[in-house]
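The residues making up each chain are set out below.
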Amino acid sequence: MAPKIIPPSTAEFYALFSSLSATYRTIICITASAGLTSTYNNALAAAGLFKNSGNIRIYDSSTTSLGLGYIVQSTLKSILSGATVDQIDRMIRAKISQSYSIVASPSLS
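Reference entry: report on the structure contained in this document.

Core analysis: the biggest nonpolar cluster contains 11 residues, these being Phe13, Phe17, Ile27, Cys29, Tyr40, Ala43, Ala46, Ala47, Phe50, Ile56 and Ile58. Those elements giving two or more residues to this core turn out to be helix 1 (10-21), strand 1 (27-31), helix 2 (39-47) and strand 2 (56-60). Looking at this core element by element, the count peaks at four residues for helix 2. If we ignore the near neighbours within four places in the chain, the residues touching Cys29 are Phe13, Phe17, Ala43, Arg57, Ile58 and Tyr59. In terms of nonpolar packing, the next biggest core, distinct from the first, is built from nine residues, Ala32, Tyr59, Ile71 and Ile92 among them.

Have a look at this one:
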């Protein structure tokens, strides 16, 4: 049996973003590739339900696994170093454009 990805629903993202927005001015959500899962689209739909949806930044990492982890770790370093939201946004977009994944499998079955 092949593994199955079950992404959070739009309602689950909405509940999470509601909870986080009570404490934080900006929410950054970096998801696995939209080509692999509907996580990005669900997060984007949930963010669109907020009055100030600009305070919720949703990013499609266009990758998964190590590439996604690298982008998230780089984001955390930027946050901890005191970067502005715009600086963090530019850094995330640059890392996404520079990240590649290669997958090798002995078979596709």
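Next up on the list: the pattern of salt bridges. If you walk through the whole model with that rule in mind, you get three salt bridges. The closest approach of N and O atoms between Asp86 and Arg57, which form a salt bridge, is 4.0 Å. In this pair, Asp86 sits in helix 4 (residues 85-98) while Arg57 sits in strand 2, placing the two residues 29 residues apart along the sequence. The exposure class of Asp86 is partly exposed, given its relative accessible area of 46%.

How each quantity is defined
- Residues numbered from 1 in each chain as written.
- Predicted model: local features only at pLDDT ≥ 70, side-chain atom pairs only at ≥ 80, totals over all residues.
- Heavy atoms only, no water.
- Core = buried A, V, L, I, M, F, W, Y, C linked by side-chain atoms within 4.5 Å.
- Buried < 20%, exposed > 50% of the residue type's maximum accessible area, 1.4 Å probe, protein only.
- Helix = DSSP H or I, 4+ residues; strand = E, 2+ residues; numbered from the N terminus.
- Contact = heavy atoms within 4.5 Å.
- Salt bridge = Lys/Arg side-chain N within 4 Å of Asp/Glu carboxyl O.

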